[in-house]
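Given next are the chains, with one letter for each unit.
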Amino acid sequence: HQVGNCEYTMRVGICFMITIPRLREVLAADYGDRMVQTWYFNELNWWLEHYHLHPDSYSCRVGKGGLRAVQQFQEYVFEESEGYTVDCYVASLDLQSFFMSIDTEIAVRLMERFIMEVYRGPHRDLLLYLTRVIYQSLPQSHCVVKSHRRMWVGFPERKSLLGKSDGIGIPIGNITSQMIANFLTTFYLNYLTSLGYKFIHYTDDTAFVFRDKERF
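The following paragraphs examine the structure supplied in this document. Note that this is a predicted model, so its numbers are computed, not measured. (Residues numbered from 1 in each chain as written. Predicted model: local features only at pLDDT ≥ 70, side-chain atom pairs only at ≥ 80, totals over all residues. Heavy atoms only, no water.)

Here we look at empty space enclosed by the protein
As a reminder of what qualifies: In this analysis the probe radius is 1.4 Å and the grid spacing 1 Å, with only protein atoms considered; a cavity is a set of points the probe fits into but cannot get out of, a pocket is an open set with protein on both sides within 12 Å along at least five of seven lines, and lining residues have an atom within 4 Å of a point. Grid points are joined across faces, edges and corners, and a volume is the space filled by probe spheres set on the points. To qualify as a helix, a DSSP run of H or I must reach at least 4 residues; to qualify as a strand, a run of E must reach at least 2; elements of each kind are numbered from the N terminus.
Per the stated rule, a full pass over the model turns up three cavities of 30 Å³ or more. The volume enclosed by the largest cavity comes to roughly 120 Å³. Every residue lining the largest cavity is counted, 16 residues in all, and those nearest its centre are Ile-134, Tyr-135, Pro-139, Ile-170 and Pro-171. Contributions of two or more residues to the lining of the largest cavity are made by helix H4 (124-135) and helix H5 (175-194).

Focus: the layout of surface pockets
Quick note on the threshold: Any residue that is not Ala, Val, Leu, Ile, Met, Phe, Trp, Tyr, Cys, Pro, Asp, Glu, Lys or Arg is counted as polar, Gly included; the first ten are nonpolar and the last four charged.
The volume enclosed by the largest pocket comes to roughly 510 Å³. Along the wall of the largest pocket there are 24 residues; nearest its centre are Arg-22, Arg-24, Asp-94, Asp-204 and Asp-205. Counting only elements with at least two residues in the lining of the largest pocket, the list comes to strand S2 (24-28), strand S4 (89-94), strand S6 (198-202) and strand S7 (205-210). Residue contributions to the lining of the largest pocket peak at three residues, all from S7. Across the lining of the largest pocket, the residue classes break down as ten nonpolar, seven polar and seven charged.

Some details on the packing of helix H1 (residues 31-51) against H5
Rule in force here: To obtain each axis, a line is fitted to C-alpha atoms, and for helices this fit is confined to the stretch in contact; angles are then taken between N-to-C directions over 0 to 180 degrees. Oblique is the label for any angle not covered by the other classes, which are roughly parallel (under 35 degrees), roughly antiparallel (over 145) and roughly perpendicular (65 to 115). Two helices crossing with the near one rotated counterclockwise from the far one by less than a right angle form a left-handed crossing, whereas a clockwise rotation gives a right-handed crossing. Any pair of residues with heavy atoms lying within 4.5 Å of one another is described as a contacting pair.
Across the interface, H1 lies against H5 with an axial gap of 9 Å and an inter-helix angle of 25 degrees. Judged by the angle between their axes, H1 and H5 are roughly parallel. Pair H1 / H5 crosses with left-handed handedness. Between H1, through Gln-37, Thr-38, Tyr-40, Phe-41, Leu-44, Asn-45 and Leu-48, and H5, the contact on the second element is made entirely by Ile-175, Thr-176, Met-179 and Phe-183. Grouping the constituent residues of the contact of H1 with H5 by class yields seven nonpolar, four polar and no charged.

Focus: the pairing of S7
Note the threshold: A simple rule labels every residue: compare its accessible area, found with a 1.4 Å probe on the protein chains alone, to the largest value its type can have, and call it buried under 20%, exposed over 50%, or partly exposed in between. For two strands to pair, DSSP has to find at least two bridges joining them.
Buried residues dominate S7, accounting for five of its six residues. In terms of strand pairing, S4 meets S7 through six bridges, oriented antiparallel. Across the sheet, residue Asp-94 finds its bridge partner in S7, namely Asp-205. Pairing geometry for S6 and S7, over five bridges, is antiparallel. From the neighbouring strand, Tyr-202 faces S7, where its bridge partner is Asp-205. What sits between the antiparallel neighbours S6 and S7 is a turn of two residues, in which Thr-203 has the positive phi angle 60 degrees.

Examining the pattern of salt bridges
Here is the rule: We define a salt bridge as a side-chain nitrogen of Lys or Arg found within 4 Å of a carboxyl oxygen belonging to Asp or Glu.
Scanning the model with the defined rule gives nine salt bridges in all. Note that Glu-80 and Lys-198 form a salt bridge whose closest N and O atoms lie 3.7 Å from each other. With Glu-80 in helix H2 (residues 66-80) and Lys-198 in strand S6, the pair connects residues that are 118 residues apart, well separated along the chain. A relative accessible area of 16% means that Glu-80 is categorised as buried. Classification of Lys-198 by relative accessible area gives partly exposed; the value is 26%. A network of salt bridges, in which partner residues are shared, links Glu-105, Arg-109, Glu-112 and Arg-132.

Now the structure itself:
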């Protein structure tokens, strides 16, 4: 009812720290917000899969999990080395503090353009409305902190959303955050493909295999 009448606002979420595989801040939405985000994801994801996302982008995609990423990279190594008969190189790159450095205004504008140009379903106006609500709600300004504050002592400021109000950064922990991550990195991956590289990409990590180290 709230979404249909454009009266929907994000509820109070929770913020906590996880320690495995490393210390990381997570902002998780309220259950009601997760329902809205799941509808948003389900309504938009088919169009992203068929018209936008890169085939070598993995993470939070059906049939494209961690195991499939490793298998695909093994295949690329085999191809590039001509069956392990030619020397080649492997490089692994990481987009530093990726989620925490996303400019939400740029992200929203790009997603709105995609919805306007590609989406052909019956809910375009609602998707445009929710794009702004979901990605520009600043959940860090109205969340309950569940972990003890000492867990943030020494934690890099660039990896935290707490206290930030400049529209830079999106919360780790929501399905819509994973969606926008895959959406945004596609532009970068298309550029890498245009350069002729073989790679696999997982959220914000890219592994390459190539022969010419100097060109790389």
